[in-house]
Structures are given as C-alpha cells and as structure tokens.
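Listed below, chain by chain, are the residues.
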Amino acid sequence: MTAFGILSYGAYVPRRRMSRTHLFEAVGWAQPSLKGLAKGARAFGAWDEDPITMAVEAARAALAGGVPKPDALCFASTTAPFLDRQNAGVIAAALDLAAETHVYDGGGSQRAATSALMRAATAQNGATLVATAEQRPAKSASVTEMLSGDAGAALLIGAGEPLADIIGANAVYADIVDHYRTAASGEDYVLEERWFRDEGLTKLAPQAAGPLLEKAKLAAGDIDCLIVPVSNPALAGAVARALDIGKDKLAGSLFNECGHAGAAHPLLMLAAALESATPGQVILMTAFGQGCDAVLLRATDAVSKRRTALSGQLENGRIETNYTKFLAARGAIDIDWGMRAERDSRTAQTVAYDKSRDIYGFVGGVCSACGTPQFPKSRRCVNPDCGALDTQTDYRFADLTATVKSYTEDWMAFTREPPLVYGNVSFEGGGNKFMEMCDFEPGGVAVGTSVAMNFRIKDIDAARGFHRYFWKAGPVPGGAGG
Amino acid sequence: MAEGIRDKVAIIGMGCTRFGERWDARPEDLVTEAFEEAIADAGIEKDQIEAGWFGVFYDEQNVGKSAYPLSQYLRLPNIPVTRVENLCATGTEALRGATYAVAAGACDIALAMGCEKLKDTGFSGLPERTKGTFEDLYQPGFTPPGAFAQLGAAYAAKHRLNMDDLKRAMAHVSWKSHENGARNDKAHLRRKLTMEQILDAPMVAYPLGVFDCCGVSDGAACAIVARPEIARELVGDSFVTVKAMQLAPSNGVEMGHQSWDGAHTLTTRKAASRAYEEAGVSDPLADISVTEVHDCFSITELVLMEDLGLSQDGAAPSDILDGRYDADGAIPCQIDGGLKCFGHPIGASGLRMTYEIYLQLLGRAGERQLKSPNFGLAHNLGGIPNRNVAAVSIFGMSD
C-alpha cells in the first residue's frame, strides 16, 4: 500500500572536526568566556566542500537504492554559495536528475529546510527531495564559531512506502531578531541568548506545536522524540519544559561531533532520530528562525529497513587541533600558497554548459560495440581493440567504486590542503580516470586502495568570484585509508 | 614499413649553449650562441641554409610565438621557418622537420633550433598553464613530478618491490648523472652528490625527492642537417647521419583504458620498436653504445631502460645498481649529465641530447669520450606517463 510520507533520508557530516579545546586555546585569550563551550569537536568542510557539495552527498545517500526519482528538488540553505545562480541546479546536475525536475532554492532563515518539507507535505504533488546544507561564516573567537558545524541532510518526501508518516505541521512567525546576517555583514550578529530563550523559543514553540498536537489528538506525553535544533543546545531543555515534554525525550543535539548546522540542523537531527527510531514512535520536530515550524511524524514499520550511515560519519571524524588549518579550510586566513596558486582558473562557460552532464553528473560513455566504459565520452572508443565511431551511450561513474592504479602525494602542486593527492583509478566494470583524491590521511592511499566518488569543488577562481565542481576519489565509507 | 630515412640525412654542424640560470641572456643571445657554434662547426655560410625549424614550448611565457623570433635573431634571408611544439619532444620535432625536408629533397641544407627561457617564467619547476577549456574542468591539478611519481607507485606494486629498494635504484640514476654532469662545462648542475644526499632530500611528490627531479634552466641547441653529398664535400666520407627518427604520441589508451598498467611508457615502446627497425638495429644491447634519455625524473629513466629494451622488464633496478648505465658501464646513459644536470629548457632538450651523441660519435666529447661508440640513441618523453609524446632517434656514422 502506498502512502505519502518520508521515503528516505540522508546526511553528510564532513570528516574534519575542529577540537573545541584547541579552538579555545587559539582564541580564548580574546574571549575567555568561551571556555564553557570548549568541549567536543565541531565539523568543518575541507577547502573543497561547500553547502552545495555537502547537500549533494546527503542527497546521494537519500536517493540510494530503490526510491522514486524526485519530481522536485529544493535546496535549503542560508549559506548557498551563489546568490544569483541557482544552487539547486548544480545539485540536480550532480545527481543527474531529469531536466523536467522542478528545481529551486530556498533560504532566508533557519526554517528554510523544514518549511520546504512542510510545503511539499501539504501539496503532496509528486516526490520532493529537500536537500539542505550549511556552512555558517563566523568571526574568530565568536560564539557562532564555537557552536556551529558544517553539515548537510536530505529527505525524500512522496508516495510510496514511507519510513515515517507526516501527521501534520504548523508554523507561526515572529520577527524576533536573535541573530541575523546580511550580504554586507558577512557573519552572524548574535544577540542576548536569555532574551531569546524567554521571549522567543519558549513562547513560539507552544504556539506552533500546541494546535498541531491538538489537531492530531495527541498529548505532550505521546511524544517519543523532540527535536529542538537550537544553536546552543543548553536552551533545548527550556523548550521541552515549555512544551511539557520530558527532557529525556530530547533528541541528541550533535554538539559533540558536529555542532549546529543552521538551516540543515533540523533535518540532520531528524536523520539521526530516524536512524534509531522504532516503529510507531512519534517525533516532534521544531525549527526556529523568526518564528517556529513544527512537524509531527510517526515512524512506520519500514523505519528500520533503511538506515543511513549518519552515526558512522559522526563517529569517524578526523580531529583537527591546528586552528590555522581550520581557518584555511574555510578561506578565513590568507595563506601564501605560492606562485602556482596564480594559475588562472577562468571557466569557459560555453564548454561547462555543453559538457555539464559529463562534469557535474560524471557521465561518460560506454561503447555499444565492445562494452568499454570511458570518460569523457568520445567520438571514438578508447579500447585499442575497438575504436568504433559514435557508439557510446551515457554511463554514469559517480556511484561506482574504483581501485587506485597509481598515485602520488604532491607537495609542489597547488592545493589549499597540501599535499595534492591524485592518481589513476580503475573503475569496477571498466574505465580509467586520472583524478584528484580527497579525504585521505597522509600515507592513506596505496596501489589497490578502494575509492568512492565525491562531488567537490575543483577550482576556485578568486579573480572572478567563481568556483567549479568535479568529482574526486575518496576513501570508501568504512574502508581503509580514511 | 616504408624504407625510412636511414642515412639519407647528415648532421654537418651542431651547437649548444651553456645551460643554466642564464640571467645574462635573452632568447636572442641563446639562439645566437648555439647557432654561431653550429655554423662554424659546419663550415658553411648562413645564406646556404634554405629552411629552418624552431622549437619553443611555452610560447607565451618566454621566447614568443611563431617562427619570426628565429628568423629575426639570425636575420635569416626570409627563408621558410616553421615553429614546432610537441611537449618535451619539441627540440626533436625541430630536428625531425629539418631532417624530413632534406630527406624529401625539398632543400639541401636545413636548420633545427630549439630554445627555452624557463627562468624568465619565475617558477621553480615548470610553469603552470591551462590544460584547455574542457580538460580544465576535470583533469587533476597535477605537476610533472607528481604525474611521473605515479610510475614509482605503480612500478613498485607491479614488481612487488619495497619502495626503499626502488628508491635506491632511483637514487643511483641521479647519482650517476651528477657524476657525469660534473665533467661537462655546459651543464647547469655540476656538483657531485652522495647517495645519502639524494635519499635524504625533501619530498617533492612521493616517492620523488628533490634530487629525483631534473633541473630547470635556460638553454638553446641547434643542428644543421644536409644531404650526405654535401657532407661529403665538406668533411669527407666520415660524418654523422640520422639512422632513425620515430615519434609515438598517446591516443588516450593509457589515460582512459584499463589495459595500461601504469608502470611503463607505452609510447616509448612503440617508438623504439619502429626506430630500431628503421635504423636496422636488431639487438639494441649490442648495437646501441650510448643513450640520452628523458630523465625528467629518476623513475622515468629507470622505467625507460625497460621501455627501450635495454633492461628486461623488472630488471632495470638491478641493472642500474650494477652500473650497466654508468659512464664505465656497458651502455652509458646521460654521459653528458642528462636533463638531471642540464635542466630541461623544453624546446632545446631534444637537440641538446643529439648534440652529445654527435660529439661522442665524432670523438669530440673530451674527458667524457666513450670508446668507439657505434649507435647513439636519444629519447624524449613529452607530457606525462599516462598521456605523452615519445620520440626515439638513432644516430651513427656514415661509414
């Protein structure tokens, strides 16, 4: 029997985690008051990760294995890399979605992702993929720097066999400015926390959730899991109290392993909740951003069938203790990368558009005469025993694993995280590609290492404020070398 | 196979500048320096040259585009000059153009010149450049050492070698070239090195350390080629002739197909096989007396010994460590110091290699002179192991 609900979910937390103890050691001289937050680690993307790439990885996890192709894709973020160039279009291209997919961006507040989910649930118009990711900019020694973490999440909502039914949703708005960021300000300006707790969180949550529970004929005591994605998890308890829900029902904040991922955090916490949910559990998800979204869900019997590997990602972080490396990855410190960094990385948009399926979708060709996969697709087959003309059909490499044929760790090449690791990789089923690698520890690659493909920033064109994306070979999740 | 160019063209004069950090010289000075040596060597007048080929690689970054730098520097009398570029085989391509023109009977005497001023680009190592509007979108941001370092990883894996053992053989390659380069006053790097210095050098691109990499320098080299009849008039019956010139560019197989193992250069094997046939060499080990190969990196030279058929597959490390390619070995390699000590001003390198073989064949190599060499082989590998242009040229005496 088909029903409408959450069909699948995915999450992405970058491997790199800045130890807050070490972060505090670097900045505590300026803001000793941050000491209370100096525990655990916060996730941060490598130099070649941004909300687009993180959303792609989360969405790939959500779309893996037998779910409907989305009819619509919404990318929700307040830190989308492009202000006027559709970010969701890049994500859709990386996912190789059909051109007919309705693709759009959402943003403006930390309710961006939950609101997209609510609209899709209300409309019940085909399958919608909500992909969200955030990389909050923060000044050094700011509370935001301590509390934030980079991450992405994705939900597929539609008709099928849901993992969770969407019982209902409700929202209220209130222009309470607990924090804000403008294009000009660049970073968040954060106001008094207790004021927001008392006048914002604890008043808005009941306003949004109260009518929702009433309509669903549920009491506070029926809630098995309460998601309160607030920047400072210490404030979540006040929300639970205001809703008369026990603190023991609060979903984990992910503070220790990730930090607060802005607009992506509600769905990230939901992904974590669904990973451990049992059938029948009722989940109340809130989200705050000049108002409150409240979504009521019930896990179905299918919830245990599809588990995403979020807990594995949370556990398998790589702790960074060097604050300048953290800053460099975020582009927040101007490192002298030498003359090789002066290379002009202007993108020929004519070519990028013509070859967008090759580049974003990692779609090459497979020869219909001899069956050889190859990248890029070419007029003549690369197989030396074939060479047939115009026989290649589309062949996507993005979801294939490969093994390393040769590699190096190059200390001369320009990269924002030396050394640049790259090599020849051979794909399962055929095909060979000379490509950059990502996320390997030094010494982590060897001939024969298994690799999986990751959508990443290829080059940053600082002169023109542009950057381009391609795929890189990284460790297979759970495999060696990471 | 066509009958080829064996003995159809003579080299009647050659010139080569001192290679190095030529802060004192502009391309005009280098070209003039090489040319004046060659024309004096040939004993002809400049106006007897009927056509020229000019090899420059980084056209926008040092010498300039087109043929006119050469025509202008030498004030050539408006004879046809063609600028050629084919990666690190650029210098050899200039020579091939001139040689083919003479062999075809299109002219009697032709000039091949190669020049590069790398030190004006400001880089240590080769300069950065775009790979083209499409490839920039997906090719890795590799450097030459990083691309050639791949050979080390794949070679060690293929032959189940411990990397430390492979590194010792690679270090011997560099050690030997520095021993040779120290005896060449035209070389850039003339300091001898110990094995320990080489092995302990800072890493550039694993497994290549600094001393596994060739130098970066400025230089020019040139050849004047002519019909054998003209050579005979000028110098008598004994002169250097071109025995073979073969070129093999990649067609994408190494980069895009799994059949390539990453541990050899496919194109060198093809070019060498054709060149041996063109030159009538049936047993390279017996017939080739001296080689100048593309030792851009130590691992490249090691792998090339197998690709040229001088070592059995898997035997290059032990042959190298046994001294087979040392100055006093069976087939000395880089007797002039190689790219390792000359550096690699790309447009000039192929002609610089030819210059040393020319001197050796004529017995004019001074303290580096080998005893009665038979055939000399020059080899270039332009590009990177998984996509390149390989050139193999063989030279010998006319009689």
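Each value, and the rule that gives it
Residues numbered from 1 in each chain as written. Chains lettered and ligands numbered in written order. Predicted model: local features only at pLDDT ≥ 70, side-chain atom pairs only at ≥ 80, totals over all residues. Heavy atoms only, no water. Helix = DSSP H or I, 4+ residues; strand = E, 2+ residues; numbered from the N terminus. Rg over C-alpha atoms; globule rule 2.2 N^0.38 Å. Buried < 20%, exposed > 50% of the residue type's maximum accessible area, 1.4 Å probe, protein only. Contact = heavy atoms within 4.5 Å. Areas by Shrake-Rupley, 256 points an atom, 1.4 Å probe, with all protein chains shown as cover. Buried area = accessible area lost by both parts, 1.4 Å probe. Salt bridge = Lys/Arg side-chain N within 4 Å of Asp/Glu carboxyl O. Nonpolar A, V, L, I, M, F, W, Y, C, P; charged D, E, K, R; others polar. Domains from an automatic or database assignment. Pairing = 2+ DSSP bridges. Core = buried A, V, L, I, M, F, W, Y, C linked by side-chain atoms within 4.5 Å. 1 Å grid on protein atoms, 1.4 Å probe; cavity = no way out; pocket = protein on both sides within 12 Å on 5 of 7 lines; lining within 4 Å. Points joined across faces, edges and corners; volume = space filled by probe spheres on them. Axes fitted to C-alpha atoms, helices over the stretch in contact; angles between N-to-C directions. Right-handed = clockwise from strand over helix to strand, strands pointing away. Parallel < 35°, antiparallel > 145°, perpendicular 65-115°, else oblique. Left-handed = near helix turned anticlockwise from the far one by under 90°. Phe/Tyr/Trp six-rings, centres within 6.5 Å; stacked < 30°, edge-to-face > 60°. Lys NZ or Arg CZ within 6 Å of the ring centre and 35° of its normal.

## Examining the overall build of chain B
In step 1: Looking only at helices and strands, chain B features 14 helices and eleven strands.
In step 2: Taking 2.2 N^0.38 as the reference for a compact globule, 399 residues should give roughly 21 Å; the C-alpha atoms of chain B span a radius of gyration of 20 Å, in line with that estimate.
In step 3: The dimensions of chain B, computed from C-alpha atoms along their principal axes, are 55 × 45 × 40 Å.
In step 4: Evaluated residue by residue, chain B yields a buried proportion of 66% over its 399 residues.
In step 5: Considering only residue pairs separated by 6 or more positions, chain B has 77% of its internal contacts joining residues 24 or more positions apart.

## Considering the overall build of chain A
In step 1: Within chain A one finds twelve helices and 22 strands.
In step 2: The principal-axis extent of the C-alpha atoms belonging to chain A is close to 70 × 60 × 40 Å.
In step 3: Looking at chain A as a whole, 58% of its 482 residues qualify as buried.
In step 4: Sequence separation of at least 24 residues holds for 72% of the intrachain contacts in chain A that already meet a minimum separation of 6.
In step 5: If you sum the accessible surface of chain A, you get close to 18900 Å²; carbon and sulfur atoms cover 50% of it.

## A few points about the interface of chain B and chain A
In step 1: Taken together, the 44 residues of chain B in the interface contact 45 residues of chain A.
In step 2: Where chain B abuts chain A, roughly 3600 Å² becomes buried across the two surfaces, and 60% of that area is made up of carbon and sulfur atoms.
In step 3: Linking chain B with chain A are two salt bridges, by the criterion used here.
In step 4: Here Arg343(A) and Glu128(B) are joined by a salt bridge, their closest N and O atoms 2.9 Å apart.
In step 5: Elements represented by at least two residues in the side of chain B that touches chain A include exactly helix H4 (144-158), strand S5 (203-205) and helix H8 (253-256) of chain B.
In step 6: With eight residues, H4(B) is the single largest residue contributor to the side of chain B that touches chain A.
In step 7: Here the side of chain B that touches chain A is built from residues that sort into 22 nonpolar, 17 polar and five charged.

## Re the domain arrangement of chain A
All names here are of chain A.
In step 1: On domain assignment, one finds that chain A holds domain 1 (3-329), domain 2 (339-361 + 397-475) and domain 3 (363-396).
In step 2: Computed from C-alpha atoms alone, the centre-to-centre distance between domain 1 and domain 2 is 28 Å.
In step 3: The partner domain 2 presents 25 residues to the 21 residues of domain 1 that form the contact.
In step 4: Taking both partners together, domain 1 and domain 2 bury about 2200 Å²; carbon and sulfur atoms supply 48% of that area.

## A short note on the sheet that holds strand S17 (residues 392-396) of chain A
Note: strands within a sheet are paired through backbone hydrogen bonds, in either parallel or antiparallel orientation.
All names here are of chain A.
In step 1: Judged by pairing direction, the sheet is antiparallel, and its three strands sit side by side in the order S16-S15-S17 without closing on themselves. The open sheet is flanked by strand S16 (373-374) and S17, the only strands paired with a single partner.
In step 2: Here strand S15 (residues 363-367) pairs with S16 via two bridges, running antiparallel. From the neighbouring strand, Gly 365 faces S16, where its bridge partner is Gln 374.

## As for unusual backbone geometry
Residues and elements named next belong to chain A.
In step 1: Along the chain, Phe 375 connects to Pro 376 via a cis peptide bond; the corresponding omega equals -10 degrees.
In step 2: Tracing the backbone shows Pro 376 in the loop between S16 and S17.
In step 3: Cis geometry is found at the peptide bond from Pro 418 to Pro 419, where omega equals -5 degrees.
In step 4: Phi at Asp 390 is positive, roughly 55 degrees, even though this residue is not glycine.
In step 5: Secondary-structure assignment places Asp 390 in the loop between S16 and S17.

## Some details on the nonpolar core
Residue and element names in this part refer to chain B.
In step 1: Residues Ile 11, Tyr 276, Ile 299, Leu 302, Ile 394 and Phe 395 are the most contacted members of the largest nonpolar core, which totals 94 residues.
In step 2: Residue contributions to this core peak at eight residues, all from helix H14 (residues 346-362).
In step 3: Other than its neighbours up to four places away in sequence, Ile 394 contacts Thr 241, Val 242, Lys 243, Ala 244, Ala 275, Tyr 276, Ala 279, Val 281, Ile 288, Phe 375, Gly 376 and Leu 377.

## What to know about empty space enclosed by the protein
In step 1: Per the stated rule, a full pass over the model turns up four cavities of 30 Å³ or more.
In step 2: Looking at the largest cavity, it is lined by 13 residues, and the ones nearest its centre are Arg343(A), Asp459(A), Arg468(A), Lys131(B) and Asp136(B).
In step 3: Here the lining of the largest cavity is composed, by residue class, of one nonpolar, three polar and nine charged.
In step 4: Looking at the lining of the second largest cavity, its residues break down into five nonpolar, no polar and two charged.

## A few points about the environment of Asp47(B)
In step 1: Residue position: Asp47(B) is located in the loop between helix H1 (27-42) and strand S2 (51-55).
In step 2: Sequence separation between Asp47(B) and Ile79(B) is 32 residues, and the spatial gap between their C-alpha atoms is 9.2 Å.

## Describing the domain arrangement of chain B
It is common to report an interface's size as the accessible area lost on association of the parts.
Residue and element names in this part refer to chain B.
In step 1: Here chain B is described as being made up of domain 1 (10-121 + 218-235) and domain 2 (143-189 + 243-397).
In step 2: Taking the mean C-alpha position of each, domain 1 and domain 2 sit 23 Å from one another.
In step 3: Contacts between domain 1 and domain 2 engage 42 residues on the former and 29 residues on the latter.
In step 4: On the domain 1 side of the contact with domain 2, Met 14, Phe 19 and Cys 88 bury the most area, a combined 27% of that side's loss.

## Notes on the sheet that holds strand S10 (residues 375-384) of chain B
Residues and elements named next belong to chain B.
In step 1: With mixed pairing, the nine strands of this open sheet are ordered in space as S3-S2-S4-S7-S1-S8-S11-S10-S9. Bordering the open sheet on either side are strand S3 (81-84) and strand S9 (288-292), each of which pairs with just one other strand. The mean angle between the axes of side-by-side strands here comes to 25 degrees, regardless of whether they run parallel or antiparallel.
In step 2: Relative to the sheet, helix H3 (residues 90-103) contacts S2, S3, strand S4 (109-117), strand S7 (218-226), strand S8 (240-249), S10 and strand S11 (387-397), its axis offset from that of S8 by approximately 120 degrees.

## A few points about the pairing of strand S5 (residues 102-106) of chain A
Residues and elements named next belong to chain A.
In step 1: With five bridges joining them, strand S4 (residues 72-76) and S5 adopt parallel strand pairing. Considered in S5, the bridge of Leu 73 is made with Val 103.
In step 2: Where the polypeptide runs from S4 across helix H3 (residues 87-94) and back to S5, its parallel neighbour, the crossover connection is right-handed.

## Quick look at the environment of Trp23(B)
In step 1: Locating Trp23(B) in the fold gives a position in the loop between strand S1 (10-16) and H1.
In step 2: Spatially, the C-alpha atoms of Trp23(B) and Gln72(B) are 21 Å apart, while their sequence positions differ by 49 residues.

## Describing the packing of helix H2 (residues 51-63) of chain A against H3(A)
Packed helix pairs are specified by the crossing angle of their axes together with the interaxial distance, meaning the distance between the axes.
Residues and elements named next belong to chain A.
In step 1: For the pair H2 and H3, interaxial distance at closest approach is 9 Å and the crossing angle is 40 degrees. Judged by the inter-axis angle, H2 sits oblique to H3. When the axes of H2 and H3 are compared, the crossing they make is right-handed. Contacts between H2 and H3 pair Ile 52, Ala 55 and Val 56 from the former with Asn 87, Val 90, Ile 91 and Ala 94 from the latter.
In step 2: Class assignment of the residues belonging to the contact of H2 with H3 gives a composition of six nonpolar, one polar and no charged.

## So, the layout of surface pockets
Rolling a probe over the atoms, with the probe sized like a water molecule, indicates the empty space that remains.
Residue and element names in this part refer to chain A.
In step 1: Estimated volume of the largest pocket: approximately 1400 Å³.
In step 2: Around the largest pocket, the lining comprises 48 residues; the ones closest to its centre are Thr 79, Ala 80, Pro 81, Gln 135 and Pro 137.
In step 3: Going through the elements one at a time, S5, strand S9 (179-180), helix H10 (323-329), strand S21 (450-461) and strand S22 (466-475) are the ones with two or more residues in the lining of the largest pocket.
In step 4: It is H10 that provides the largest number of residues to the lining of the largest pocket, a total of four residues.
In step 5: Here the residues of the lining of the largest pocket sort into 20 nonpolar, 17 polar and eleven charged.
In step 6: Mapping the lining of the largest pocket onto the domain boundaries places at least three of its residues in each of domain 1 (3-329) and domain 2 (339-361 + 397-475).

## Remarks on the packing of aromatic side chains
In step 1: For the coordinates displayed, the defined rule picks out 26 aromatic pairs over all chains.
In step 2: A centroid spacing of 5.0 Å and a plane angle of 70 degrees characterise the contact between Tyr395(A) and Phe397(A), whose relative ring orientation is edge-to-face.
In step 3: A relative accessible area of 0% means that Phe397(A) is categorised as buried.
In step 4: In this structure an aromatic cluster arises from ring pairing among Tyr360(A), Phe362(A), Phe375(A), Tyr395(A), Phe397(A), Phe427(A), Phe455(A), Tyr469(A), Phe470(A), Trp471(A), Phe134(B) and Tyr138(B).
In step 5: The ring of Phe82(A) has Arg85(A) lying over it, and the distance from NZ or CZ to the ring centre is 4.7 Å.
In step 6: Above the plane of the ring of Phe142(B) lies Lys131(B), whose end atom (NZ or CZ) is 4.7 Å from the centre.

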